[in-house]
Amino acid sequence: MEQNYFIAAQWIFLALVASMLSIRLGISVALIEILVGVFGGNVMHIEITPWVNFLAGFGAVILTFLAGAEINPESLKENLTESLTIGFLSFFLPFLGGMAFAYYGFGWDVNASKIAGIALSTTSVAVVYAVMVESGLSASKLGQTILAACFITDLGTVIALGVLFSGFSLKLVWFVLILAVVVAIASPLASRIFAAYGGRVSEPEIKFVFLILAIMAYVALASGSEAVLPAYILGLAMAGFFMKYKETLHKMRAIIFVAFTPFYFIKAGALISWTALYTMSGSIVIFLLVKVAAKFLGVLPATRVFHYGKRTGIYTTLLMSTGLTFGTISSLYGLSHHYINANQYSALVAAVIMSAVIPTIIAQKYFFPAPWNEETSELPENN
């Protein structure tokens, strides 16, 4: 037991350092947590235990749920064409570019190249949402559009992985049916529970939401899908309901940013090996450049079509260039099923995790679309 407390102290220490550095440097805490995770994994040699894995995984699930729940349904309808277009292009071109470069540039076989394309096509909802919350853009038109586009991109990733490798099984059909039922009953059931038990110190309404997310995460994993997918869909389905319970969302946000997401982001950094960065540096840099370049080729012209200003268009494209959850998931899938080897896995994961840091820092530091109208939560047209 004392060993668990020692490990917990190391992780909490890194989370605290990340928070203080984030405040001092003015950079999103999620990105700093990834960077201190690199230090923790390579210098402190922090241990990634089963309970750390669970906290990190459940943190990603809750964070993804909140990203969906904070999207205003009316805003989503108004900007649906933008989100669908940006999200599709954000997936499709990097998928083709990453696959083609791995096959023709590095000589990987067909299956390994497919894994590379899928891993590089992703956008991290978790990173983007964390950045949006800290920068105050989560409720803006731009923030709503980007978050919805992130979901479209990652949905394309999940579908591609399923079509190209997993196939469609009876378990997946059952998962879709169960998810449809839960989506239909979640808001009416939550309405009754919130009305009867809400406002208590024990926060039963938050426990109810966590229960649904845990159940659907189990169902998703058992069906061969990913735990974060139903979380985002549930979040979108309950977004209208949570318009009346913003305080509950804020409480949930506080809980996960303190108790869950530090484990998720620090773990992501800890998985980066300095040795792999050195030995595979050429491949990592090239994959990162291919991912970002393909995102710019697809997303930036789309922002022009929808009359985004230059600064806002570049900011949007850089955030859509981030990757983390689904990029590492698809890479691990390829490794565990022997479609890629350990070196290929290291190159892909390092490129994906670096894409969560570098484009986001550049976006926040040099292309943040400020000032914006806090009263209307919309960006001025001349940005």
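The structure presented is a predicted model; accordingly, all values stated were derived computationally and were not measured. (Residues numbered from 1 in each chain as written. Predicted model: local features only at pLDDT ≥ 70, side-chain atom pairs only at ≥ 80, totals over all residues. Heavy atoms only, no water.)

Scanning all chains against the criterion turns up 22 aromatic pairs. Summarising the aromatic geometry, the rings of Phe91 and Phe95 are spaced 5.5 Å apart at their centres and angled 15 degrees between planes, so their arrangement reads as stacked. One end of the pair is Phe91 and the other is Phe95, both in helix 5 (residues 80-105) and four residues apart, which spans about a single turn. Each member of the pair, Phe91 together with Phe95, is buried. (Phe/Tyr/Trp six-rings, centres within 6.5 Å; stacked < 30°, edge-to-face > 60°. Helix = DSSP H or I, 4+ residues; strand = E, 2+ residues; numbered from the N terminus. Buried < 20%, exposed > 50% of the residue type's maximum accessible area, 1.4 Å probe, protein only.)

So, about helix 16 (residues 281-305). Between its first and last C-alpha, helix 16 extends 36 Å over 25 residues, near the 36 Å set by a 1.5 Å rise per residue. At Phe296, helix 16 shows its largest bend, some 30 degrees. Looking one or two places after helix 16, you find His307, whose phi comes out positive at around 65 degrees. (Expected span 1.5 Å × (residues − 1). Bend = angle between axes of the 7 residues up to and from the residue.)

The next thing to look at is a nonpolar patch on the surface. On the surface, Leu170, Val173, Trp174, Leu177 and Ile178 cluster together into a nonpolar patch covering about 510 Å² of accessible area. Position of Trp174 among the secondary structure elements: in helix 9 (residues 170-197). Residue class for Trp174 comes out exposed when judged on its relative accessible area of 52%. (Patch = residues over 30% accessible without salt bridge, like charges linked within 9 Å, V, L, I, M, F, W, Y side chains within 5 Å. Areas by Shrake-Rupley, 256 points an atom, 1.4 Å probe, with all protein chains shown as cover. Salt bridge = Lys/Arg side-chain N within 4 Å of Asp/Glu carboxyl O.)

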